[in-house]
Structure formats: C-alpha cells, structure tokens
Amino acid sequence: MRSHLPKRWSQTAAACTLAIGGAAHAQIVNGSFETSDFSGWVTVDLNVPFFPMMVGPAGISPGFGFFLSNPTDGVFAALHGWDGDGPGGPPDAIKIAQDVVLPAGAAEIQFDYRAAWDKTFGATLPREFRVDIEPFGGGPFLQRDVLLIADPGTTVSDTGDLVGIVDVSSFSGSPVRISFEWVVPETFTGPAFFQLDNVLLIEVPVADSTLDIKPGSCPNSFNRNSHGVLPVALVGAKDFDVTEVDISSILLSRADGIGGSVAPNEGPPGPHSVFADVATPFEGKEPCDCHDLEGDGILDLSMKFITDDMVEALQLDDLPAGDLIQLVVNGTLLDGTPFSASDCIRLVPPGTPPGVMAVGSNLSGVFIDVTPLDETLDGGGFANFERTYWLGTIVTLTAPQTHLGWVFAGWSDNAGFGSLATSDDAGPLPDPSIDIIIVDDQISVEAIYTPPVRGNSL
C-alpha cells in the first residue's frame, strides 16, 4: 500500500538513523517534540515506509478513514505509518529512542499515544508497539513492555488518546536507553497511523526505607564461592511498617543496572523470609558506609538471597576481590506504594583462615544451617560448600530431618564427631544437629539421607 504524500513538517528520510546530542540527560529532552523535529532523539524509520516518520502539527492523516493528528502537549507530535518495507526485510521496527540517566529511586516513563490500522490486506502476523529499556547507547533489551498489539484481520480507525506508563524503578540511578518501538513483521500488509507525544520521566514518591546487608556486621563481606545465602534486612522504622510489604514484589539488583535481579529465597529448601528484629536504620551519608548494630526493638523483614543466583544474575564472577558493589532492593507495599533501599557488599578474596570445613550431603539441594558465621560472615548453605574458621572454633551444623521424602540418617565426618544411623533402625530418628570442633586445617562433614522405608508415611 503506497500513497503520494504532500510536503510534511520535519519529515525524516527513509532508512535514516539520526542521533542528536552526545551526553545523557537526567530528564527527557524534547519529549513533546516542540522543536518541530527529533532533536534529542535517535530515530530509525523503515526502508520504504507507508507513511514516513515525521514531527507534525494537528490535522494530519494518511487517509483510510483514520483519525487526524492532534498533539496532546503543545503544537507538535511524532507521527508515522507503522507499515512498509523495512531495511533488510521483515521483521523490522520503527524506533524513537533517547539515552537518559534515571533518577535515584522509583521512576516511570509516561507518554500519550494514539493509533489506527487496517490489517485486512493479507496480514498474518500481529504488529506490536512496545517500550524497551536498553543499555546506554543501545543493545539487547534489559526490560520490555508491550503496550499495544494490532492483530491480523482487524480494523481500528482510532484508539482515542491513550496514556502509557512504564516502570523503570529497577534501573534507578542508571544510564539507559529508552526505546519506543513499532514492530512491522510483514511488508505492506495494511495501512496504519500512530501518534506519540508528551513523553515524561516522572519520579514516583516512595516509602522511606533502608537496607542492611548482613545485619550486625561491617563491612558486608560477600564470598562468591560460599554456595550459601546472603542475609538482607529491610529495616523497619516508626514510619515504615515492614509487615505491609508485599514480599512477592521484592527484587535485588545492582545499582549500576548491570545484570538482572533475584528474589529472596522462600524455602524449603533453605530459609524463607521472616519478620524479626535484626537491624537498626543506618543514618550515614555515603551509600557504602555501614555499622554493626543489630535490633532496635522494631520488626524488620529478614530475607535470604541465594549467593549462587546472585553471582550469576548480577554478573559478579569476573569482578576483582575487594570491589564494593552497591545493591538495591525494589518492591511495593500491599497498597501498591513502591519502595527502594540500598546497601553495599565487598567481594572477598579467596584466601582463608587455617581451618576449612567442607560440608556436603549425598542428597543434592539440602540446605544445612551453620552457626556461628565463619570468618567471611557466611552461615548456612546448600550442600556442597566450605566454611572457614580458626582452629578451636565450635561449629554447629543442623540438617533438615527430611528432604524430598528422604530421611536424615546421620552425620559422617573425618574427625569422629558424627554418628551414623539408618532410617529403619528402631527408636527415634538421629539428631540432625551436630557440634564440630575445628581441630584440623581440613575437616569434611556429610549429611547422609536414605529413602523412606516403603509403606511408612512421614
């Protein structure tokens, strides 16, 4: 479907990519296109567009009974035809993007849009309007929100004015690219028309909250090879009731936006989130300062994050020992109010004190609790893992009585502390706790499990 168009305002050339400006901006630049062009934006149009991308005033339409353009903020809006033949053939996308530095804390992208289409010209695939969050300068998307789908065989002459909102809180304080994209998976399969205007970056009021990684310790050492869990407390206060937190909404990520995010472990296996008084709010000014205070009489949300998941998702493996990494917890209260809080970890070197205790099991996925914390402030973990202690330390290990239907049968170790029973022995099941005295530079301890006896119920 092609048409001859009259002269347009600020019409972009076909197959043109335009980048204006070099530095990232703390706010959206030219969000309402009132410069009458795409200043501040990076744009990509199709190779042969049905209706070329442009910035124009009210009263424009490609015909076909579609709506007339009508900017929602000022006198100009971004317009395009959402159909055509893209560079290199389908699938292709029209793009309007901008690099920004997001504010610290919760934020969202808000914008006005309006669309029309007639997909009765042989279309077999849907077209999609989406917003991608990409690394600064462009790259694979870090977050994707689909706002509108135009299905094959449908006709919509005017959606009316719509408001789009995209939450970008998980990238708070980070440089990113915000990319509006209109996917055109087939060549010339029906005319369309789209208007974008009034693009805003809005800071969202958030609940005042603080985070304490490894409550009671400072600095917050993080052993990437611990195969354990990282204790993290969302700290309660008189004006922040942690019992109102939607735990299912919580995600931990890096403050610099690198990598993905992880949710707290909600075992079994392993620990789960609990409300307990374990921490005190920190009043320091520097984000990586810390204190070693514990409870203050107010309930906190005590969470555990699996270290192996953190290393992978947050891309911590290749960072040098000693690095300070700022982490951010984002979530919402039960009423939908967002919150964001941060603290830092210090990546520890691989060096260890003299006593190394290897903790294992013949059954994978068993979480074994370990007290006290070792010299790198690691506690329990998912077998198999190691903990490091000075010689003479008494360490208590506690395994679950059952795991995946298997029954704890006893401990086996190379120092003679454990005793091994079997699940069909007469009498009570063996004690799943054991005290180990670190008397050698290498001690191995293994939790032994046996299948349940057939016919017995646990």
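Residues numbered from 1 in each chain as written. Predicted model: local features only at pLDDT ≥ 70, side-chain atom pairs only at ≥ 80, totals over all residues. Heavy atoms only, no water.

**Q** What exactly am I supposed to notice about the environment of Asp-145 here?
**A** Take Asp-145: it is sitting in strand E10 (residues 143-150). C-alpha of Asp-145 to C-alpha of Phe-180: the two residues are 35 residues apart in sequence and 9.9 Å apart in space. Discounting residues that sit within four places of it in the chain, Asp-145 has contacts with Phe-129, Arg-130, Val-131 and Val-166. (Helix = DSSP H or I, 4+ residues; strand = E, 2+ residues; numbered from the N terminus. Contact = heavy atoms within 4.5 Å.)

**Q** Would you mind going over the pairing of strand E21 (residues 300-306) with me for this structure?
**A** Remark: a regular strand shows side chains that alternate across the two faces of the sheet. In terms of residue burial, E21 counts as a mostly covered element, since six of its seven residues are buried. Alignment of strand E17 (residues 229-235) against E21, held across six bridges, turns out to be antiparallel. Residue pairing in the sheet places Ala-233 in a bridge with Ser-302 of E21. Here strand E20 (residues 274-276) runs beside E21; their pairing, made up of three bridges, is antiparallel. Across the sheet, residue Val-274 finds its bridge partner in E21, namely Ser-302. (Buried < 20%, exposed > 50% of the residue type's maximum accessible area, 1.4 Å probe, protein only. Pairing = 2+ DSSP bridges.)

**Q** What is the right way to read the layout of surface pockets from this model?
**A** Unfilled space is identified by rolling a water-sized probe across the atoms. When its volume is computed, the largest pocket comes out at roughly 500 Å³. Lining the largest pocket are 23 residues, and of these Pro-215, Pro-231, Ser-302, Lys-304 and Leu-373 lie nearest its centre. No other element matches the four residues that strand E25 (residues 367-371) contributes to the lining of the largest pocket. Considering only residue class, the lining of the largest pocket consists of 11 nonpolar, seven polar and five charged. (1 Å grid on protein atoms, 1.4 Å probe; cavity = no way out; pocket = protein on both sides within 12 Å on 5 of 7 lines; lining within 4 Å. Points joined across faces, edges and corners; volume = space filled by probe spheres on them. Nonpolar A, V, L, I, M, F, W, Y, C, P; charged D, E, K, R; others polar.)

**Q** How should I be thinking about the packing of aromatic side chains in this particular structure?
**A** Each aromatic ring pair is characterised by the separation of its centres together with the angle its planes make. Across all of its chains, the model carries 21 aromatic pairs by this definition. Summarising the aromatic geometry, the rings of Phe-111 and Phe-129 are spaced 6.1 Å apart at their centres and angled 80 degrees between planes, so their arrangement reads as edge-to-face. Here the residue Phe-111 occupies a position in strand E8 (residues 107-118), and Phe-129 occupies one in strand E9 (residues 127-135), the gap between them amounting to 18 residues. A relative accessible area of 0% places Phe-129 in the buried class. Considering the side-chain rings of Phe-408 and Trp-411, the 5.6 Å spacing of their centres and the 65 degrees angle between planes classify their relative orientation as edge-to-face. Joined through ring pairs, the aromatic side chains of Phe-33, Phe-38, Trp-41, Trp-82, Phe-111, Tyr-113, Trp-117, Phe-129, Phe-180, Trp-182 and Phe-194 make up one cluster. Between the NZ or CZ atom of Arg-144 and the centre of the ring of Phe-141, over which it lies, the distance is 3.9 Å. (Phe/Tyr/Trp six-rings, centres within 6.5 Å; stacked < 30°, edge-to-face > 60°. Lys NZ or Arg CZ within 6 Å of the ring centre and 35° of its normal.)

**Q** Would you explain the state of the cysteines in this entry?
**A** Note: disulfide means a covalent bond formed between the sulfur atoms of two cysteine side chains. According to the stated counting rule, one finds two disulfides in the structure shown. Bridging Cys-288 to Cys-344, the disulfide has an S-S length of 2.0 Å. Measuring the twist about the S-S bond at about -70 degrees, one finds the Cys-288-Cys-344 disulfide to be left-handed. Of the two residues, Cys-288 is situated in the loop between E20 and E21 and Cys-344 in strand E23 (residues 338-347); the sequence distance between them amounts to 56 residues. Residue Cys-288 is classed as partly exposed on the basis of its relative accessible area of 28%. A relative accessible area of 2% means that Cys-344 is categorised as buried. Counting its disulfide-bonded cysteines in sequence order, the protein shows a connectivity of 1-3, 2-4. (Disulfide = S-S within 2.5 Å.)

**Q** Can you help me understand the nonpolar core in this one?
**A** Across soluble globular proteins, you tend to see nonpolar side chains buried next to one another. Of all hydrophobic cores here, the largest spans 38 residues; its most connected members are Trp-82, Phe-111, Phe-180 and Leu-196. When contributions to this core are tallied by element, the ones reaching two or more residues are strand E7 (92-101), E8, E9, E10, strand E13 (175-184) and strand E14 (192-203). If one sorts the elements of this core by residue count, E8 sits on top with six residues. Discounting chain neighbours no more than four positions away, the residues touching Phe-180 are Trp-41, Ile-94, Lys-95, Ile-96, Ile-109, Phe-111, Phe-129, Arg-130, Val-131, Leu-196 and Val-199. In terms of nonpolar packing, the next biggest core, distinct from the first, is built from 28 residues, Val-245, Val-311, Leu-314 and Leu-327 among them. (Core = buried A, V, L, I, M, F, W, Y, C linked by side-chain atoms within 4.5 Å.)

**Q** Explain the side chain of Thr-280 to me, please; I cannot follow it from the model alone.
**A** As for its placement among the helices and strands, Thr-280 is situated in the loop between E20 and E21. With a relative accessible area of 16%, Thr-280 lands in the buried category. A distance of 2.6 Å separates the side chain of Thr-280 from the backbone oxygen of Glu-294, its partner in a polar contact. In contact with Thr-280, other than residues within four places in its own chain, are Asp-212, Val-235, His-291, Leu-293, Glu-294, Gly-295 and Asp-296. (Polar contact = N/O pair within 3.5 Å; in protein donor to acceptor, adjacent residues only side chain to side chain.)

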